[in-house]
Amino acid sequence: MQPTIANRRALYSQNILKLGLFGANCSSGRAVTQVPERWSGNWPDCLRLAKMADDAGIEFMLPVGRWKGYGGDTDYQGETFETVTWAAGLLAATHRITVFGTVHAPMFHPLVAAKQFVTADHIGNGRFGLNVVCGWNQDEFTMFGADLRDHEARYRHAQEWLDVIKQAWTSDEEFDFDGSFIQLKHVRAKPKPVGGARPIIMNAGASPTGQAFAIRNCDALFSMTPRGKLAEFAAHVARAKAVAHEQGRELDVYTVAVITCRATIEDAEAYYRHCVIDNADWAAVDRIMAMRGDTRERWPHDFEERRLHQANGMGGVPITGDPDIVAHDLAQLAAAGARGIALSFVNFADELPYFCDEVLPRLQRLGLRAT
Ligand SMILES: Cc1cc2nc3c(=O)[nH]c(=O)nc-3n(C[C@H](O)[C@H](O)[C@H](O)COP(=O)(O)O)c2cc1C
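What this report covers is the structure whose coordinates are included nearby. (Residues numbered from 1 in each chain as written. Predicted model: local features only at pLDDT ≥ 70, side-chain atom pairs only at ≥ 80, totals over all residues. Heavy atoms only, no water.)

Quick notes on the site of the ligand
The environment of the ligand is formed by 17 residues, the closest being Gly65, His151, Tyr155, Ala204 and Ser207. Gly65 is positioned with one of its backbone polar atoms (N or O) 2.7 Å from an oxygen atom of the ligand. Looking at the shell around the ligand, the elements that each hand over two or more residues are strand E3 (98–104) and helix H6 (151–170). (Near = heavy atom within 4 Å. Polar contact = N/O pair within 3.5 Å; in protein donor to acceptor, adjacent residues only side chain to side chain. Helix = DSSP H or I, 4+ residues; strand = E, 2+ residues; numbered from the N terminus.)

Written as structure tokens, this is what we have:
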């Protein structure tokens, strides 16, 4: 398929519900667990997983932009691959799948970034995607000798950063850029992205400012589905799409789910309990909660529930059950308006084949996937 903007946005598939894998570039992936089979995140495993996902028609891989582990007993996400180079390697080894880079705007010079993205895009013949993040974790920024800007300024900077990148991708003329944060002179950037259309861009802002940024600039907004509140998620999707339409833009909303799929409900629930409760890396969970300012005082009524949710997969809807239940719950997210879902598993490569064998055909029968 040609790398037009429509094909890029459709992630090169006709499927109504797009599926992706989230966080495979990090040790432990997204499950804050000590179980020995937890995801390694090493290169041979990432490569094996990407090829497997590509063959199965999974549409995308979304890495986590993370520079420093969270500590705890496993040093949760202590080993992480830089996401653009990771994407470039996987794009070279695959044929259909879109691979995102998750890029902290404050940490990459926009012209270096624009050229990295174009390079990955050429390697993948139009299958590179950009997830812009502004950062939230001062600890990580301190490691760079940098201060996290205040929340609003972070997004104002990201706006300039993305404006530069889009201009570098499209402008045939030399240009200057005179922003509040970024000043550039006589910019020339060649080659352009493959096929005359820019890479798909996503953002996962949750605040009003973050969401407005995504609506204004991006093709996709990634939003967590609030626990047990599908109707609230549906309203959020409708609202975000309506605001985008008012601006003459199309926006897709994606969400995140954590899958434990086994032949029986009992087996799935037992494995979930084993990983996420009995063997959670609680020391890492508590550090993450502290970094986010999530204290018992702040959440007196549901602190323990929030802790559990964090161990489950750093947030994301937990979907635990047999293939019928998993397919049903994914279909409900689609019915609520999710264009796609970024999935994680305790061990991606061990668990993906069963998911593809059992859940994908059910999603086909539900009319959500053709292939
Ligand atoms: C699906 C998803 C992926 C995200 N990936 C990252 C990431 O890799 N690195 C990061 O620093 N933040 C990541 N975030 C955090 C968001 O970029 C954002 O900072 C967060 O949702 C808070 O929103 P706000 O910036 O509007 O306050 C992610 C959030 C979601 C929902």
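Quick word on the nonpolar core
Residues Met61, Phe117, Leu130, Trp161, Ile259, Leu330 and Phe355 are the most contacted members of the largest nonpolar core, which totals 82 residues. Residue contacts for Leu330: discarding those within four places in its chain leaves Leu17, Ile259, Ile319, Ile341, Leu343, Phe355, Val359 and Leu363. Ranked by size, the runner-up nonpolar core spans 18 residues in total, among them Val35, Cys275, Val285 and Phe303. (Core = buried A, V, L, I, M, F, W, Y, C linked by side-chain atoms within 4.5 Å. Buried < 20%, exposed > 50% of the residue type's maximum accessible area, 1.4 Å probe, protein only. Contact = heavy atoms within 4.5 Å.)

Considerations on unusual backbone geometry
For the bond running from Lys190 to Pro191, omega is 0 degrees, close enough to zero to count as cis. Its location among the elements puts Pro191 in the loop between strand E6 (183–187) and strand E7 (200–203). The backbone phi angle of Tyr12 is positive, close to 60 degrees, even though this residue is not glycine. Mapped onto the elements of the fold, Tyr12 is located in the loop between helix H1 (5–9) and strand E1 (18–22). By relative accessible area, which is 13% here, Tyr12 ends up buried. Located in the positive-phi region is Gln77, a residue other than glycine, with phi close to 55 degrees. By the element assignment, Gln77 lies in the loop between strand E2 (60–62) and helix H3 (83–92). With relative accessibility at 2%, the residue Gln77 sits in the buried group.

Describing the pairing of strand E9 (residues 252–261)
The buried count for E9 comes to 10 of 10 residues, which makes it a mostly enclosed element. With burial as the criterion, each face of E9 is covered, one bearing Asp252, Tyr254, Val256, Val258 and Thr260 and the other bearing Val253, Thr255, Ala257, Ile259 and Cys261. The pairing of strand E8 (residues 220–222) with E9 spans 3 bridges and is classified as parallel. Residue pairing across strands places Ala220 opposite Asp252, the latter belonging to E9. The β-α-β motif built from E8, the intervening helix H8 (residues 230–246) and the parallel element E9 has right-handed crossover chirality. Bridge analysis of E9 against strand E11 (residues 340–344) gives 5 bridges, and the strand direction is parallel. Residue pairing for E11: Val258 is matched across the bridge by Ser344. Relative to strand E10 (residues 317–321), E9 runs parallel, the two being bridged by 5 bridges. Across the sheet, the residue bridging to Ile259 is Ile319, located in E10. (Pairing = 2+ DSSP bridges. Right-handed = clockwise from strand over helix to strand, strands pointing away.)

Section: the pattern of salt bridges
Tallying each qualifying case throughout the model produces 20 salt bridges. Between Glu305 and Arg227 there is a salt bridge, with the nearest N and O atoms lying 3.1 Å from each other. Residue Glu305 is located in helix H11 (residues 303–313), and its partner Arg227 is located in the loop between E8 and H8; the two are separated by 78 residues in the primary sequence. On the basis of relative accessible area, Glu305 is assigned to the partly exposed category, the value being 46%. (Salt bridge = Lys/Arg side-chain N within 4 Å of Asp/Glu carboxyl O.)

Here's the deal with helix H10 (residues 282–291)
Every buried residue of H10 is listed here: Ala284, Val285, Ile288 and Met289. Mapping the buried residues of H10 onto a view down its axis gives an arc of 135 degrees, with all of them on the same face. Those residues of H10 that are buried lie in contact with H11. A positive backbone phi angle near 75 degrees is found at Gly293, which sits one or two residues after H10. (Arc of directions from axis to C-beta.)

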